[in-house]
Amino acid sequence: MTVLQPIAETDLSPNDEASRARFEGLVDLLGKPFARGDRYAIFQGDCLDFMSELPDQTIDLSFTSPPYNIGKEYEKIVPIDQYIDWCAKWIGQLHRIATSRGAFVLNVGYVAIEDRARSIPIPYLLWNRIAFFLQQEIVWNYGAGVAARKALSPRNEKLLWYVKDASDYCFNLDDIRDPNVAYPNQKKNGKLRCNTLGKNPSDVWQIAKVTSGANRSSSERTKHPAQFPLDLCDRVIKGFSNKSDLVLDPFAGSGSSLEASALLQRFAIGFEVRKDYCALAAERVRKALSVMPLL
Ligand SMILES: C[S@@+](CC[C@H](N)C(=O)[O-])C[C@H]1O[C@@H](n2cnc3c(N)ncnc32)[C@H](O)[C@@H]1O
C-alpha cells in the first residue's frame, strides 16, 4: 500500500501562518463544510457555485479529474459540445482564482464522438478553450485496464500541467526525482554524472492505477469508481506546489488529492457534489491523518 510520508512541522516555511489565514478566510466564505480538519475542508455541492464565491488569485494549485462524460455512476452523458462548454466554464473559474504563480493539473481521458472518433483525447477538444499556459503534457501510463479486441488496449491517460505565468511558476524537481538510476556511480572528469537525488522523472509516469476485483483490488481502494492513486497525487503535489500552499480539487471524489495535500503540509479544499462520496472522503482523510500524526 502507498504510504505517504508526512512532512515535519519543523520543516514548514514561514508562510504557513499566512496560508492558514488565507485558508480560514476561504472556508468562511464557502459556508459550512461537510467535514474539515486542521488543514483540509470538504464542501458538498456544485463546484461552480462554490468557485464563484472565491476571490481572484487565492489558490496555488488546482488538481483534479472531472467527470469524462462517459456514463460513470456519478455523471449523465450530455452532447459533447455541451460537455466541453461546461469544462471551459469551470476551468475559467480555476484560472481566475489561481495565484499569479499558480498552476492547474488536469487529469483527463478519452471520449467517443459519433462518426468521428472511437476514443478522442479530451485535451484535443479543450486545447483552445483554456486561458492557462500549457506547460507540458504528462502521459500517465499504467499496466491494468480493459483488454481491447478491435483496437490497442488503452493504457494511458493524460495529465495536463498548466501554469498561469509561463515565466514564473512553481516546479520542485528535486522533490520528485526518480531514485531509480541505471548507473548511479558513473563519472565524467571525476564528477558524478547523475544527480545524487535521482533522475528527472520525465513526462511519462508509470504509476499503477487503483484496481478493483477479487484478488487484484488495490489496498487503497475505496468505493469510489474513479479514484486517483496516492502515488500520483504525491508526485503532482510535491512537484507543482510548495509546503503551506493552498490546493483545490473541485471534483474531490474519494478525497485522494485532499489526503495527499494535508499529509504533505499543504492546505486543501475539496468540492464534491455527492453526499456519499463526501462522507467517504471525510472518513478517509480523517483516518489517514490520525494514523499518521504529523512529526
Ligand atoms: C473522476 S471523479 C474524481 C475522483 C477523485 N479524483 C478521486 O480520487 O476519488 C469526479 C467526481 O466529480 C464529482 N462531480 C460531478 N459533477 C460535479 C460538480 N458539478 N461539482 C462537484 N463535484 C462533481 C463526481 O461525483 C465524482 O466524484
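Reading the values: the criteria
Residues numbered from 1 in each chain as written. Predicted model: local features only at pLDDT ≥ 70, side-chain atom pairs only at ≥ 80, totals over all residues. Buried ≥ 20, exposed ≤ 12 C-beta atoms within 10 Å, placed from the backbone. Helix = DSSP H or I, 4+ residues; strand = E, 2+ residues; numbered from the N terminus. Pairing = 2+ DSSP bridges. Contact = placed C-beta atoms within 7 Å. Axes fitted to C-alpha atoms, helices over the stretch in contact; angles between N-to-C directions. Near = placed C-beta within 6 Å. Nonpolar A, V, L, I, M, F, W, Y, C, P; charged D, E, K, R; others polar. Core = buried A, V, L, I, M, F, W, Y, C linked by C-beta atoms within 7 Å.

Draft legend 1. Main features of helix α5 (residues 230–240). Of all 11 residues that make up α5, nine are buried, and the element is covered over most of its length. If you check which residues of α5 are buried, you get Leu230, Leu232, Cys233, Asp234, Arg235, Val236, Ile237, Gly239 and Phe240.

Draft legend 2. Fine view of the pairing of strand β12 (residues 246–249). Side chains Leu246 and Leu248 project from β12 onto one buried face, and the interleaved Val247 and Asp249 project onto a second face that is buried too. Pairing between strand β3 (residues 59–64) and β12: two bridges, direction parallel. Residue pairing in the sheet places Ser62 in a bridge with Leu248 of β12. The sheet contact formed by β12 and strand β13 (residues 267–272) spans four bridges and is parallel. In the strand pairing of β13, Leu246 is matched with Phe267.

Draft legend 3. Geometry of the sheet that holds β3. Spatial strand order, β1-β2-β13-β12-β3-β4-β8-β7-β11: nine strands in an open sheet with mixed pairing. On the outer flanks of this sheet lie β1 (35–36) and β11 (204–206), each paired with one strand and no other. Direction of pairing for strand β4 (residues 98–108) relative to strand β8 (residues 156–163): antiparallel, over a ladder of six bridges. Within β8, the residue paired with Ala103 across the bridge is Val163. The sheet strands contacting helix α1 (residues 16–30) are β1, β2 (40–44), β12 and β13, and the helix crosses β13 at an angle near 20°.

Draft legend 4. Structural detail: the site of the ligand. Lining the immediate surroundings of the ligand are 19 residues, of which Tyr74, Phe251, Gly253, Ser254 and Ser256 lie closest. Its residues placed into classes, the shell around the ligand shows 10 nonpolar, six polar and three charged.

Draft legend 5. Spatial organisation of the nonpolar core. One finds Ile42, Val105 and Ala281 to be the most contacted residues of the largest nonpolar core, which totals 57 residues. When residues of this core are assigned to their parent elements, the largest contribution, seven residues, is made by helix α7 (residues 275–291). Each residue touching Ala281, except ones within four places of it in the same chain, is listed here: Ile42, Ala252, Gly253, Ser254, Gly255, Leu258, Gly270 and Glu272.

Treat this as a map of the structure, not an account of what it does.
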